[in-house]
Amino acid sequence: MKRIIIDYKKLTPEILSMLVQKYPDGYDDRDVLVFKNSKNETVEAVEVKTEDTTYLVKISTRLEDTMTKFDVEDFETDEMDMNYVDLPQSDNEDDD
């Protein structure tokens, strides 16, 4: 099984949909995985799985906001097949 670390800025609609389904009321401390990446940086992430891949989605305040605002009905079927979703960036956003 592949394990992929992904930042919220690069979420696909499918992965975002899986996150919202798995954590409909948001995630809490017991859902958070903490580990060191290849650069020896501490990373906090939540996990979602497909049949062949485990996605570790980095946690940030923007991820929580994005999950709260996500509605699968806002996307056309062909958009759900896109590689990435462009999320708006704010000027005071932290780079997590």
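Further up the page is the structure itself.
Thresholds, definitions, all that
- Residues numbered from 1 in each chain as written.
- Predicted model: local features only at pLDDT ≥ 70, side-chain atom pairs only at ≥ 80, totals over all residues.
- Heavy atoms only, no water.
- Pairing = 2+ DSSP bridges.
- Helix = DSSP H or I, 4+ residues; strand = E, 2+ residues; numbered from the N terminus.
- Axes fitted to C-alpha atoms, helices over the stretch in contact; angles between N-to-C directions.
- Contact = heavy atoms within 4.5 Å.
- Core = buried A, V, L, I, M, F, W, Y, C linked by side-chain atoms within 4.5 Å.
- Buried < 20%, exposed > 50% of the residue type's maximum accessible area, 1.4 Å probe, protein only.
- Lys, Arg positive; Asp, Glu negative; His and termini not counted.
- Salt bridge = Lys/Arg side-chain N within 4 Å of Asp/Glu carboxyl O.
- Phe/Tyr/Trp six-rings, centres within 6.5 Å; stacked < 30°, edge-to-face > 60°.

Strand order in the open sheet formed by four strands is E1-E4-E3-E2, with mixed pairing between adjacent strands. Both edges of this open sheet fall to strand E1 (2-6) and strand E2 (33-36), since each of them pairs with a single strand only. Put simply, the sheet's adjacent strands are angled 40 degrees from each other on average, direction ignored. Here four bridges tie E2 to strand E3 (residues 42-49), and the two strands are oriented antiparallel to one another. Counterpart to Val34 in the pairing with E3 is Glu44. Against the sheet, helix H1 (residues 13-22) engages E1, E3 and strand E4 (53-58), with an angle of about 85 degrees to E3.

Let us now look at the nonpolar core. Core analysis: the largest hydrophobic core is formed by 13 residues, its most contacted members being Leu11, Ile15, Leu19, Tyr23, Val46, Val48 and Val57. Those elements giving two or more residues to this core turn out to be H1, E3 and E4. Looking at this core element by element, the count peaks at three residues for H1. Ignoring any residue separated from it by four or fewer positions in sequence, one finds Ile15 in contact with Ile6, Val48, Tyr55 and Val57.

What follows is about the side chain of Glu47. Considering the arrangement of structural elements, one finds Glu47 in strand E3. For the buried Glu47, no salt bridge exists, and the shortest N-O distance to an oppositely charged side chain is 4.1 Å, to Lys49.

Under the counting rule described, the total for this entry stands at one aromatic pair. Ring geometry for Tyr23 and Tyr27: centres 6.3 Å apart, planes at 80 degrees, overall edge-to-face. Overall, Tyr27 belongs to the buried group, its relative accessible area being 16%.

Quick look at the pattern of salt bridges now. Overall, the coordinates contain one salt bridge when judged by the stated rule. Of the charged contacts, one joins Asp28 and Arg30 as a salt bridge, the two residues approaching to 3.7 Å between their closest N and O atoms. Under the relative-accessibility criterion, Arg30 is labelled exposed at 73%.

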